[in-house]
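Observations on chain architecture
Each chain, written out:
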Amino acid sequence: MAQFARQFGRIVVCTNQRCIGRGLLSEQGLSDIHRYLLQLIEPAGGRIDHFYFAKEVSDDDPLRKPHPGMALLALKDYPEIDLEKSIMVGNNPSDMQFAINAKIHYKVFLNTTIDEAPMKEGQPISDLHYPGLKDFADSIKDNTISKIIQ
């Protein structure tokens, strides 16, 4: 996360949290988790500027990924964000579709939950594919990503 903090102007997390809508976790409980995460990453130089979450159960809710609602909230809160220069990093096909729907230019898929990058019509819908978040951070540190994303 420190590498991302050095590289990127804004870091926002957009997460579906149906568990809140189902009553399995409270919003305060999620806030506590986010606060704990920040306590872990900030001393190492990392940061997250904002956490957005969709708590509704229905897939039709405009905030739930793959709908672009959370990206629109981020744009409202941080008007300096340029989605055409932004990167969506996710580990779920809905994350990649969220990026497409929000017109986020670069899509990075992490295969931490499924082995293969999501495909559409035989083509990957992500621009880059890494085994995990550290691998992606290392590609930025090594400057290998800048050869791809320009």
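Going by the structure above, here's the rest.
Residues numbered from 1 in each chain as written. Predicted model: local features only at pLDDT ≥ 70, side-chain atom pairs only at ≥ 80, totals over all residues. Heavy atoms only, no water.

**Notes on the overall build of the chain**
Our working rule: What counts as a helix is a DSSP run of H or I of at least four residues, what counts as a strand is a run of E of at least two, and both are numbered from the N terminus. Only the C-alpha atoms count toward the radius of gyration. The rule for a globule is 2.2 Å times the residue count to the power 0.38. Each residue is placed in one exposure class: buried if its accessible area under a 1.4 Å probe, protein chains only, is under 20% of its type's maximum, exposed if it is over 50%, and partly exposed if it falls in between. Whether two residues are in contact is decided by their heavy atoms, any of which lying within 4.5 Å being enough. Under the convention used here, a 1.4 Å probe and the Shrake-Rupley method define accessible areas, while residue burial counts only the protein chains that appear.
Helix and strand counts for the chain stand at seven helices and seven strands. For the chain, the α and β elements follow one another from N to C terminus as α-β-α-α-β-α-β-α-β-β-β-β-α-α. For the chain, the C-alpha radius of gyration of 15 Å lies close to 15 Å, the compact-globule estimate for 150 residues. Projected onto the principal axes, the alpha-carbon positions of the chain cover approximately 45 × 45 × 30 Å. Counting over 150 residues, the chain shows a buried share of 39%. Long-range contacts, defined here as pairs at least 24 residues apart, represent 47% of the contacts in the chain between residues at least 6 apart. About 8900 Å² of surface is accessible on the chain, with carbon and sulfur atoms providing 52% of the total.

**As for a nonpolar patch on the surface**
We apply this condition: Grouping into patches uses exposed residues only, defined as over 30% relative accessible area, and leaves out salt-bridged ones; the cut-off is 9 Å for like charges and 5 Å for nonpolar side chains (Val, Leu, Ile, Met, Phe, Trp, Tyr). By definition here, a salt bridge exists when the distance from a side-chain nitrogen of Lys or Arg to a carboxyl oxygen of Asp or Glu is within 4 Å.
Taken together, the side chains of Tyr-36, Leu-37 and Leu-40 present a nonpolar region at the surface, about 300 Å² in accessible area. Locating Leu-40 in the fold gives a position in helix 3 (residues 27-41).

**Digging into the pairing of strand 3 (residues 87-90)**
Look at any regular strand and the pattern is simple: side chains alternate between the two faces of the sheet. Rules: The pairing criterion for strands is at least two bridges between them, as found by DSSP. The handedness of a crossover follows from its direction of travel: if, with the strands pointing away from the viewer, the path from the first strand over the helix to the second runs clockwise, the crossover is right-handed.
Residues Met-88 and Gly-90 point to one face of strand 3 and are all buried, whereas Ile-87 and Val-89, pointing to the other face, are not buried. Sheet topology places strand 3 next to strand 4 (residues 106-110); four bridges connect them, and they run parallel. Bridging from a neighbouring strand, Gly-90 pairs with Phe-109 of strand 4. Chirality of the crossover, the property in question, places the unit of strand 3, helix 5 (residues 93-102) and strand 4 among those that are right-handed.

**Comments concerning the sheet that holds strand 3**
For the record, the criterion: The axes are straight lines fitted to the C-alpha atoms, using for helices just the contacting stretch, and the angles between their N-to-C directions are given from 0 to 180°.
With respect to topology, three strands assemble into an open sheet ordered 3-4-7, the strand pairing being parallel. The outermost strands of the open sheet, each flanked by one partner alone, are strand 3 and strand 7 (128-130). On average, each strand axis in the sheet is inclined to that of its neighbour by 20 degrees, with strand direction left out of account.

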